[in-house]
Amino acid sequence: MNARPAMALLAAVACLIGAGLAEARIKLVALPERAATIVRLDNARATLVEEERVLTLHKGLNKVDFSWNGVSIDVDSIRLRVLGHPNDVTLLNVSYPPNEAALVWEIHCKDAVEERVRISYLLSSIDRLIAYKGVADKDERNLALRSFIILRNFSGEDFDNAHVLVDYGEAFDRGILHEETKQLLFFKREAVPITKVWTFDASKLPWDPGDLENRNVGIPVSYRIKNDAASTLGEFALWGGKARVFQDDGHGSTIMLGEDVSPLVPVGEAMELYIGDSRDIVVTQRKMREQAINERKTTGGTTVLYDMDEVIAAKIENFKDTPAVLTMIQHIPGEWRMVDCNLKYTRKDASTLEFEITLPARDKNGPATVELNMHYVRLNLRGAPPNKH
Amino acid sequence: MKRILIAIVLLGLVASPAVAKVDLVTLPNRDTVQLTIYNSADLTLVRESRALTLKHGANRLQFSWANTLIDPTSLEMLPKANADKIDIQDLTYPPRVTNLGVWNISSEMSGKVPVEITYLTSGLTWRAFYMGTLTNDEKTMRLQGYVVVTNTSGEDYENAQVRLVVGKVHILDQIAFLARLPYPFGRPNQPYGIEGSIKVKRDCMLAKEVMTECDASYALDEVGKKEIIKEGLSEYFLYTIEGSDTIASGWSKRLPSFDVAAVPVVNLYKYEEERYHQQVVRFLSFANDVKHNLGETPTPGGNITVYRTVDPDGHLSYTGRSAFKYIPVGEEVELNLGPVENVLVEPTLMDFSTANYLFHPNGTIRGWDEIRRHKVDVKNTREIPVKIEVKRNFDTTYWDIETGGDFGAFEAVDKDTVKFTLELAPRTNKEFTYVLTTYHGNRIAAWKPRTADSTGPN
């Protein structure tokens, strides 16, 4: 057998406990069994354990010894609640013996009684993870979504059977041993609608693939899942966790599309899972003009303020045999004014423009091509413009 | 040698998986196995089917994978029949044993049940490579594609259906890292992946082994031609190799992917000092489309070795080697075959002058122009026609250019780059000139911007 520290609850008559708490203690005690244990995992930072036991108490003063050798319990979190006869059984005080992971409750009882008590405490090194698995259909319109809960118990304590609760979904009964990990299916939805999103962010990706010497630029692809009723979700926030996404290949099998970690997704918001890069959409972006204009000078002729007239030209090619919608993000820092832009955009913040560009599928003549031409002026730049010798 | 074992364990005889125990087990055989191997990550999705004999009530299914590179967090089992009568209650990774998972199954029936077990493993890889053979006139090229599958996973996969995935999958943790963790999902307060995996590097010995196997695979050569079925899925392409293959651990297998007899190619020579210094670099370009006898599917990235046929007997001459990127259907590719000496580009600064000085009343210089006259000699010493691109980059956006001589096609590429494209007959020279005026200081005001659609010189 593996010798391992564990928790013990010892109920004893006061006179049988040794001479003093500060010295070696001799205990002759009854060992009350756990009646019910609840492991509550609704807080990612700490796990709350509640256990119920039946104490055999005699009339007068009782001492109940609770020890947890080798188990990491937050000592200040330990609570005792009398369930059966709260008016007759009174918790008087709590004592902490020196150099021991233990405490002693002094309980006064009006009559001899078998009393049910609930002990609760925060226990370290036992927690849960959430993992998702999604299988998209071949058309990439719906996702069979499953969520798993993974219990990890490295607390030092075996739980032969526990009622495990999280903050949503159904509770379940499971035993989990020390150093054991258990994975359980938590919920499943058969057809969650998904939106496929391609994103080119001009501040993150290379502008001209021609400069890259025969290397590809991948356009990030994500699946967007709305946490709402229309998506058969929306009952609770989806906890953050690692998601692995697969796709039905149409032959009774799947391929793996990719994986990502999602943060917690509140009801009404969307989970966005970045699964991989598309190399079938190619963006070639170039700056065609960068000209200082409207220069303001000191009486000595030094330029102190100017505007910059800039032209960006981007060619977007879709080599796929299906249409796609590319989200293109452009950045213009500082103060600026758009002179002319051939595509519609949304201003996301002071310096970020977002274009939603619909790309048809390629045809027999080649890729579908859309061009973006953006002429803008950056205003009131200070100092001398670049290229000015 | 098989290292993955699966066993139905009779519940009553198991004291505890954590301690010494006596097991009585049945070992169900693997009926079929499918490997889906990625080329952008050390990742393989394994799908195997087995027939289990379940009894009514509680069953435990023990799956162990000693000395392999399986990611335990990816283990999954699905009954393929009677799914409504079989409840997979949980998957438990017992304490103090490694590479072992136990499915607790509650069955409302007894008898044989086909199940599918899937997991991710590391150690199986594939790569593409190509051979190009130019004709004598270098107008067309025979293009042959191959794939090499290498197995260092520790497990022999017999009679497996092999599928290869082309595409850039996003994964957070290396599967090999997850496979080596002492606890499948780590411990509380210790990340089991993501941050940890960044620090992990593949074992050098293992990497070396893979290289040796890859090199050894060339010696295996073609082992019977098999058709490869290609189809698109999401952002990926799936190549399914006909029939089944046995790839024992430690072995590689090379398979032909395609063979196109005559792909029309353009020999493009480029000169750009900022990128290639004073060298002319040869590119071979073609498009992955029907016009080039290609275009059915994208081609995966790899390396290509290009040869040239030098005589009627088919003797070859080595031309160069290049990386070969993923080429979508319809896209053009340029293979960089390295610098050459038989095509020459020589720009010469013939004249330099300054002009149009502006002075401040206090006597300091406030602006001026610089005028440079360049002559560019382009020489084709080859016996075949060539196409040459000459790019010139200017260190300013304020420039005007005047071209002269036989400069071919001209294009302003962006705000500070121009490109001349010339075609030269065999063993001919061309010479062109350009006069570049750059504006400095307050003379910038005299510069007139090119319109957005202007492609010619001002």
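Numbers given to residues run from 1 along each chain, matching the order in which its sequence is written. Chain labels run from A onward and ligand labels from 1 onward, assigned in the order the entries are written. Only residues with pLDDT of at least 70 get local features here, since the model is predicted, and only at 80 or more are side-chain atom pairs given and counted; chain-wide, interface and lining totals rely on the full set of residues. Remark: hydrogens and water are excluded; side-chain values derive from all non-hydrogen atoms of the structure.

Asker: I tried to follow the interface of chain A and chain B on my own but got confused; where do I start?
Answerer: A common way to express how large an interface is: the accessible area buried when the components associate. Contact residues are listed per partner, giving 77 residues for chain A and 84 residues for chain B. Summing the contributions of chain A and of chain B, the shared interface buries around 6700 Å²; its carbon and sulfur component is 47%. On the chain A side of the interface with chain B, the three residues burying the most area are A:Gln183, A:Asn214 and A:Arg279, jointly 10% of the side's total. Salt bridge, as used here, is a side-chain nitrogen of Lys or Arg placed within 4 Å of a carboxyl oxygen of Asp or Glu. Between the two partners, chain A and chain B, sit 13 salt bridges. The closest approach of N and O atoms between A:Asp249 and B:Arg163, which form a salt bridge, is 2.4 Å. Any N or O atom pair separated by 3.5 Å or less is treated as a polar contact, with the protein-specific requirement of one donor-capable and one acceptor-capable atom, and with residues adjacent in sequence counted only for side-chain atom pairs. Run the count over chain A and chain B and you get 41 residue pairs in polar contact (both at pLDDT 80 or more). Whether two residues are in contact is decided by their heavy atoms, any of which lying within 4.5 Å being enough. When two components associate, each loses some accessible surface as probed by a 1.4 Å sphere; the sum of these losses over both components is called the buried area.

Asker: I tried to follow the packing of aromatic side chains on my own but got confused; where do I start?
Answerer: The relative placement of two aromatic rings is captured by the distance of their centres and the angle of their planes. Note on ring pairs: Phe, Tyr and Trp rings are taken, using the six-membered ring of Trp, and paired if centres are within 6.5 Å. Classes follow the plane angle, with under 30 degrees stacked, over 60 edge-to-face and the rest tilted. Per the counting criterion, the structure on display carries 24 aromatic pairs over all chains. Pairing B:Phe420 with B:Phe432 gives two aromatic rings, centres 4.5 Å apart and planes at 40 degrees, and the pair type is tilted. Of this pair, B:Phe420 sits in strand E28 (residues 417-424) while B:Phe432 sits in strand E29 (residues 428-441), placing them 12 residues apart in sequence. Type-normalised accessible area, obtained with a 1.4 Å probe on protein chains alone, sets the label of each residue: buried when under 20%, exposed when over 50%, and partly exposed for intermediate values. Here B:Phe432 falls in the buried class, since its relative accessible area comes to 0%. Here B:Phe420 and B:Tyr434 contribute two aromatic rings whose centre-to-centre distance is 5.8 Å and whose plane-to-plane angle is 25 degrees, an arrangement assigned as stacked. You can see B:Phe420 sitting in strand E28 and its partner B:Tyr434 sitting in strand E29, a full 14 residues away along the chain. For B:Tyr434, a relative accessible area of 1% translates into the label buried. An aromatic cluster is present here, built from B:Phe407, B:Phe410, B:Phe420, B:Phe432 and B:Tyr434 joined pairwise through their rings. Lying over the aromatic face of A:Trp239, A:Arg128 brings its terminal NZ or CZ to 3.7 Å of the ring centre. Note on geometry: a ring has a charge over it if NZ (lysine) or CZ (arginine) is within 6 Å of the ring centre and within 35 degrees of the ring normal. Across from the ring centre of A:Phe246, 4.8 Å away, lies the NZ or CZ of A:Lys133, which sits over that ring. Numbering of helices and strands runs from the N terminus, with a helix taken as a DSSP run of H or I at least four residues long and a strand as a DSSP run of E at least two residues long.

Asker: Even after reading the chapter, I still don't get unusual backbone geometry, so can you show me in this structure?
Answerer: Both trends apply: most residues other than glycine have a negative phi, and most peptide bonds are in trans. Residues and elements named next belong to chain B. Positive phi outside glycine occurs at Asn-82, with the angle close to 55 degrees. Within the secondary structure layout, Asn-82 lies in the loop between strand E6 (70-79) and strand E7 (86-93). In the Ramachandran plot, His-277 falls in the positive-phi region, its phi being about 60 degrees despite a non-glycine side chain. Residue class for His-277 comes out exposed when judged on its relative accessible area of 53%.

Asker: Can you help me understand the sheet that holds strand E15 (residues 219-226) of chain A in this one?
Answerer: Across a sheet, strands are paired by hydrogen bonds formed along the backbone, either parallel or antiparallel in direction. Following DSSP output, two strands are said to pair if at least two bridges run between them. Strand order in the open sheet made by the seven strands is E23(A)-E24(A)-E21(A)-E14(A)-E15(A)-E18(A)-E13(B), with mixed pairing throughout. Looking at the sheet topology across the chains shown, the edges are occupied by strand E23 (345-349) of chain A together with strand E13 (168-169) of chain B. Strand direction decides the pairing type here: strand E18 (residues 270-278) of chain A and E13(B), joined by two bridges, are antiparallel. Along E13(B), the bridge assignment pairs A:Asp277 with B:Lys168.

Asker: What exactly am I supposed to notice about the environment of B:Glu411 here?
Answerer: Following the sequence through the fold, B:Glu411 ends up in strand E27 (residues 409-414). Note: C-alpha distance between B:Glu411 and B:Thr421 (10 residues apart in sequence) is 8.5 Å.

Asker: Can you help me understand the nonpolar core in this one?
Answerer: Nonpolar side chains in soluble globular proteins tend to end up buried together. Ranked by size, the top nonpolar core spans 101 residues in total, and within it A:Phe66, A:Ile78, A:Trp105, A:Tyr132, A:Leu326, A:Met328 and A:Met374 carry the most contacts. The biggest single contributor to this core is strand E8 (residues 113-123) of chain A, with five residues. Every residue in contact with A:Met328, bar those within four places of it in the chain, is listed here: A:Phe200, A:Val283, A:Gln285, A:Ala314, A:Ile316, A:Leu353, A:Glu354, A:Phe355, A:Ile357 and A:Leu372. Buried Ala, Val, Leu, Ile, Met, Phe, Trp, Tyr and Cys residues that are joined via side-chain atoms within 4.5 Å together make up what is termed a nonpolar core. Listed in part, the 62 residues of the second largest apolar core include B:Val46, B:Leu61, B:Trp103 and B:Val115.

So, to be careful, I would describe these as geometric facts and stop short of saying anything about function.
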